[in-house]
Amino acid sequence: MAIDAIAIVGPTASGKTHRAVQVARKFGGEIISADSRQVYRNMSLGTGKDLEEYEEIPYHLIDICEAGEKYNLHRFLTDFRKAYDDIKLREKTPVICGGSGMYIENALNGIRMPEVPENSELRQKLEKRSLKELTEILQGYKNLHNSTDVDTVKRAIRAIEICEYYQSHPEEAALTSKDTAVAIPAIVIGLDIPRERRRASISKRLRVRLDAGMVDEVKSLLSRGIPPEDLIYYGLEYKFLTLYLIGQLSYEEMVNQLEIAIHQFAKRQMTWFRGMEKRGTRIHWLPYDLTEDEFFERIDEIINQSNN
């Protein structure tokens, strides 16, 4: 098969950014970040951007919106496609890198979410409904996989508006379904890190980032007027550091609870990737600690097998 892109996936602390940079350098590529939190400006230590790793390699979908906003799958797929098409137009190789399995899976499946115009008549009809009622209405259209669709009345109404639009525009709805979308031909490389090594890496990295000023990063966001609940919404580092800074956790409680939460998050990431495989995405798992030469020998083998 012709290969249009290479994706590097794996759990947190498995070395994805480092490998993606190596791949981009070797294949003349540019990196598209598939991380749900690295899109936010001034949120670097907590999201693990590791921007120094990129050196001369161009990257996309990092630092593209303000802290406090709520990025979602719809916005990612729109932004992803713009970046992907731009990279391909310049005859470079898109290297997709990240741990947000939902983002990566939908992007590789070629899912698109066209812009949906406002429906003022429908909005007027729904504006007095409670969030519970709107959630029930939305469930009549689809299974709710994305909790951000119903975290506010405004978002729930917009989600219903989108579903209603797709019902009357089946040709555009087809772009949103795996069964009818055109998938991106891609080699997907998974970084396989043993559980105990992953746990040790997570714990070490957490302490390095705390020493590097992660508390001050969150303190700065709060001082800029971003409400604590908006930072807590982002989960993990921003949730527990905010709870510490507003006095709801001691420093020791924050570190211990955050460490546990990151371990649980890594486990959920692996669950999603295993689910991707069951749903038809071939992931080539390679040991995370291969030398660079060994890593590219294996990738060359995978590409040759795919082309036969």
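Right, let's walk through the structure included here. (Residues numbered from 1 in each chain as written. Predicted model: local features only at pLDDT ≥ 70, side-chain atom pairs only at ≥ 80, totals over all residues. Heavy atoms only, no water.)

So, unusual backbone geometry
Phase 1 of the analysis: Even without glycine at this site, N42 takes up a positive phi of about 65°.
Phase 2 of the analysis: Position of N42 among the secondary structure elements: in the loop between β2 (29-33) and β3 (59-60).
Phase 3 of the analysis: Of the residues examined, N42 reaches a relative accessible area of 45% and is grouped as partly exposed.
Phase 4 of the analysis: With a phi close to 45°, L236 is a non-glycine residue in the positive phi region.
Phase 5 of the analysis: Overall, L236 belongs to the buried group, its relative accessible area being 14%. (Helix = DSSP H or I, 4+ residues; strand = E, 2+ residues; numbered from the N terminus. Buried < 20%, exposed > 50% of the residue type's maximum accessible area, 1.4 Å probe, protein only.)

Some points on the packing of aromatic side chains
Phase 1 of the analysis: This structure, assessed with the given rule, holds 12 aromatic pairs.
Phase 2 of the analysis: Pairing Y40 with Y234 gives two aromatic rings, centres 4.6 Å apart and planes at 45°, and the pair type is tilted. With a gap of 194 residues between them, Y40 in the loop between β2 and β3 and Y234 in the loop between α10 (228-233) and α11 (236-245) connect regions that are remote in the sequence. Like Y234, Y40 is buried. (Phe/Tyr/Trp six-rings, centres within 6.5 Å; stacked < 30°, edge-to-face > 60°.)

Notes on the pairing of β2
The side chains of a regular strand alternate between both faces of the sheet.
Phase 1 of the analysis: Among the five residues in β2, five count as buried, and that is most of the element.
Phase 2 of the analysis: Neither face of β2 is left uncovered, since the one carrying G29, I31 and S33 and the one carrying E30 and I32 both have all their residues buried.
Phase 3 of the analysis: Here β2 pairs with strand β4 (residues 93-98) via five bridges, running parallel. Directly across from I32, in β4, lies its bridge partner I96.
Phase 4 of the analysis: As paired elements, β2 and β3 share two bridges and run parallel to each other. Within β3, the position partnered with I32 by the bridge is H60. (Pairing = 2+ DSSP bridges.)

What to know about a negative patch on the surface
Phase 1 of the analysis: There is a patch of like negative charges on the surface, built from D289, E292, D293, E294, E297, D300 and E301.
Phase 2 of the analysis: Mapping E292 onto the fold places it in helix α13 (residues 292-307). (Patch = residues over 30% accessible without salt bridge, like charges linked within 9 Å, V, L, I, M, F, W, Y side chains within 5 Å. Areas by Shrake-Rupley, 256 points an atom, 1.4 Å probe, with all protein chains shown as cover. Salt bridge = Lys/Arg side-chain N within 4 Å of Asp/Glu carboxyl O. Lys, Arg positive; Asp, Glu negative; His and termini not counted. Charge placed at Lys NZ, Arg CZ, Asp CG, Glu CD.)

Some thoughts on helix α3 (residues 101-108)
Phase 1 of the analysis: Most of α3 is tucked away: seven of the eight residues are buried.
Phase 2 of the analysis: For α3, the set of buried residues is G101, Y103, I104, E105, N106, A107 and L108.
Phase 3 of the analysis: The positive-phi residue at the C-terminal boundary of α3 is G110, with phi of around 80°.

Remarks on the packing of helix α5 (residues 131-139) against helix α6 (residues 153-168)
Phase 1 of the analysis: The interhelical angle for the contact between α5 and α6, taken along N-to-C directions, is 20°, at an axis separation of 9 Å. With respect to α6, the axis of α5 lies roughly parallel. Relative to α6, the crossing made by α5 is left-handed. Between α5 and α6, the contacting residues are L131, L134, I137 and L138 on the first element and V153, A156, I157, A159, I160 and C163 on the second.
Phase 2 of the analysis: For the contact of α5 with α6, the per-class residue count stands at 10 nonpolar, no polar and no charged. (Axes fitted to C-alpha atoms, helices over the stretch in contact; angles between N-to-C directions. Parallel < 35°, antiparallel > 145°, perpendicular 65-115°, else oblique. Left-handed = near helix turned anticlockwise from the far one by under 90°. Contact = heavy atoms within 4.5 Å. Nonpolar A, V, L, I, M, F, W, Y, C, P; charged D, E, K, R; others polar.)

With respect to helix α12 (residues 251-278)
In an α-helix, one turn spans 3.6 residues, which is why side chains three or four residues apart end up on the same side.
Phase 1 of the analysis: End to end, α12 covers 41 Å across 28 residues, agreeing with the expected 40 Å (1.5 Å per residue, within 8%).
Phase 2 of the analysis: Of the residues one or two after α12, G280 is the one with positive phi, at around 115°. (Expected span 1.5 Å × (residues − 1).)

A look at the side chain of E172
Phase 1 of the analysis: The residue E172 is located in helix α7 (residues 170-173) in this model.
Phase 2 of the analysis: Among buried charged residues, E172 stands out as having no salt bridge; its nearest opposite-charge side chain is R158, 10 Å away.
Phase 3 of the analysis: Once residues lying within four places of it in the same chain are set aside, the contact partners of E172 are P114, E115, Y165 and Y166.

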